Amino acid sequence: MKHKKLIIFCFLLLVIYLIYILFHNDKINYLSIGDSLSLGINSYNEESYGYSDYLANYLKEKNELNNYSKDFSFADFRIADLQHQLDMNQTIKRQGRYLSFKKCLREADLVTISIGGNDLLTEINMSTSDISIIDEKKMLDIFSKKMKELDDLLKSIRKYNNRKIILLGYYNPYIYKNIVPDRVFAYFDEEMRKIATNYDVEFVSIYRVFKNNSDYLPNPTNIHPSSEGYKAIYLEIVKQLKK
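Residues numbered from 1 in each chain as written. Predicted model: local features only at pLDDT ≥ 70, side-chain atom pairs only at ≥ 80, totals over all residues. Heavy atoms only, no water.

Draft legend 1. Examining the overall build of the chain more closely. For the chain, the count of helices and strands is ten helices and seven strands. By sequence separation, contacts in the chain at least 24 residues apart represent 72% of the contacts at least 6 residues apart. Accessible area for the chain stands at about 13,500 Å²; split by element, carbon and sulfur atoms hold 52% of it. (Helix = DSSP H or I, 4+ residues; strand = E, 2+ residues; numbered from the N terminus. Contact = heavy atoms within 4.5 Å. Areas by Shrake-Rupley, 256 points an atom, 1.4 Å probe, with all protein chains shown as cover.)

If you want it as structure tokens, here you go:
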């Protein structure tokens, strides 16, 4: 009788294992969230091929992609907007299916975040193309306030996702005018990396990549990257993924 029970037990274990092998999916659910960079807005304010599209295609070519979405990215989003989106658990309809933000976060194996650039641009009036001077102290004060919001946001996101999250830094959108010194963006990187580390979020710096690369920002009247600029961001993310 004992041998029979043992045989049945082993058989059940084998069945469970075979079911696991048959239905288990190691492929990646990739979610890109945030602002216009997450969406892929180009230097002529058109939705185009962004860094998340490059990354999704990279994973697809490696046969590692299960699902990709940037449906929760919006061009004008600020940190508070992304926080509100999460708090309200925004639901959208795509291809006849309703998707909730929290559910997508829970299911994501990889999340990339670009957020906060709009906060700085609008609050210090950097969004105007004819800007000629920046109040550095005011800029740093605004940044400090926004980093408190970013800290709260990452803390909230971590409640719904315990996998790989990558936060992107900022680049100088006015490389033509040389009105923001490098030390400011170096400081931004340092502070954002500290906050990201607190929540086991990986940080990817991009300001040095954009420095002295005018091809990445071909339109002097627009702050968004070219396809080459987005590809450069994607390559930095891949470097981080390979670490």
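Now, onward.
Draft legend 2. Inspection of the nonpolar core at higher detail. Ranked by size, the top nonpolar core spans 45 residues in total, and within it Leu-31, Ile-33, Ile-113, Leu-150 and Leu-167 carry the most contacts. Every element with two or more residues in this core is listed here: strand 1 (28–34), helix 4 (79–87), helix 5 (101–107), strand 5 (110–114), helix 6 (117–123), helix 7 (136–158), strand 6 (164–168) and helix 8 (182–198). If one sorts the elements of this core by residue count, helix 7 sits on top with eight residues. Aside from chain neighbours lying at most four places away, what touches Leu-167 is Ile-113, Leu-150, Leu-154, Met-192, Ala-196, Val-201, Glu-202, Phe-203 and Val-204. In this structure, Tyr-30, Ile-41, Tyr-51 and Ile-233 belong to the second largest nonpolar core, which totals 28 residues. (Core = buried A, V, L, I, M, F, W, Y, C linked by side-chain atoms within 4.5 Å. Buried < 20%, exposed > 50% of the residue type's maximum accessible area, 1.4 Å probe, protein only.)

Draft legend 3. Just the pattern of salt bridges, in detail. Counted under the stated rule, the structure contains 15 salt bridges. Of the charged contacts in the structure, one is a salt bridge between Glu-47 and Lys-70, with a shortest N-O distance of 4.0 Å. Of this pair, Glu-47 sits in the loop between helix 2 (36–39) and helix 3 (51–61) while Lys-70 sits in the loop between strand 2 (65–69) and helix 4, and the two are 23 residues apart along the sequence. A relative accessible area of 54% means that Glu-47 is categorised as exposed. Here Asp-119 ties to Lys-146 by a salt bridge, and the two come within 3.3 Å at their closest N and O atoms. Linking Asp-119 in helix 6 with Lys-146 in helix 7, this pair joins segments that are 27 residues apart in sequence. (Salt bridge = Lys/Arg side-chain N within 4 Å of Asp/Glu carboxyl O.)

Draft legend 4. Quick peek at the sheet that holds strand 6. Strand order in the open sheet made by the five strands is 2-1-5-6-7, with parallel pairing throughout. Each having just a single partner strand, strand 2 and strand 7 (202–204) make up the two edges of the open sheet. The mean angle between the axes of side-by-side strands here comes to 20°, regardless of whether they run parallel or antiparallel. Strands strand 6 and strand 7 of the sheet are contacted by helix 8, whose axis makes an angle of about 160° with strand 7. Seen against the sheet, helix 10 (residues 227–241) touches strand 5, strand 6 and strand 7 and runs at an angle of roughly 140° to strand 6. (Pairing = 2+ DSSP bridges. Axes fitted to C-alpha atoms, helices over the stretch in contact; angles between N-to-C directions.)

Draft legend 5. Fine view of the pairing of strand 6. Along strand 6, four of the five residues are buried, which leaves the element largely enclosed by surrounding structure. Two strands pair when backbone bridges link them, and strand 5 and strand 6 are joined in this way by four bridges, in the parallel orientation. In the sheet register, Val-111 faces strand 6, and the bridge partner there is Ile-165. In terms of strand pairing, strand 6 meets strand 7 through three bridges, oriented parallel. Bridge pairing links Leu-167 to Phe-203 in strand 7.

Draft legend 6. Structural view of helix 7. With 23 residues, helix 7 should cover 33 Å at 1.5 Å per step; its first-to-last C-alpha distance of 32 Å lies within 8% of that length. Among all positions of helix 7, only Met-139, Ile-142, Phe-143, Lys-146, Met-147, Leu-150, Leu-153, Leu-154, Ser-156, Ile-157 and Arg-158 are buried. (Expected span 1.5 Å × (residues − 1).)

Draft legend 7. Highlighting helix 10. Taking 1.5 Å as the rise per residue, helix 10 with 15 residues should run 21 Å; its terminal C-alpha atoms sit 21 Å apart, in good agreement. Those residues of helix 10 not exposed but buried are Gly-229, Tyr-230, Ala-232, Ile-233, Tyr-234, Glu-236, Ile-237, Val-238 and Gln-240. Where the residues of helix 10 are buried, they touch helix 2, helix 3, strand 5, strand 6, strand 7 and helix 9 (207–210).

Draft legend 8. Representation of the environment of Asn-57 in the model. With respect to the secondary-structure elements, Asn-57 resides in helix 3. A residue is classified by how much of its surface remains accessible, and Asn-57, at 32% relative accessible area, is partly exposed. Counting along the chain gives eleven residues from Asn-57 to Tyr-68, while the straight-line C-alpha distance between them is 9.4 Å.

Draft legend 9. Unusual backbone geometry, seen in detail. Phi at Asn-63 takes a positive value of approximately 60°, unusual for a residue other than glycine. One non-glycine residue, Asn-89, adopts positive backbone phi at about 50°. Mapped onto the fold, Asn-89 is located in the loop between helix 4 and strand 3 (91–94).

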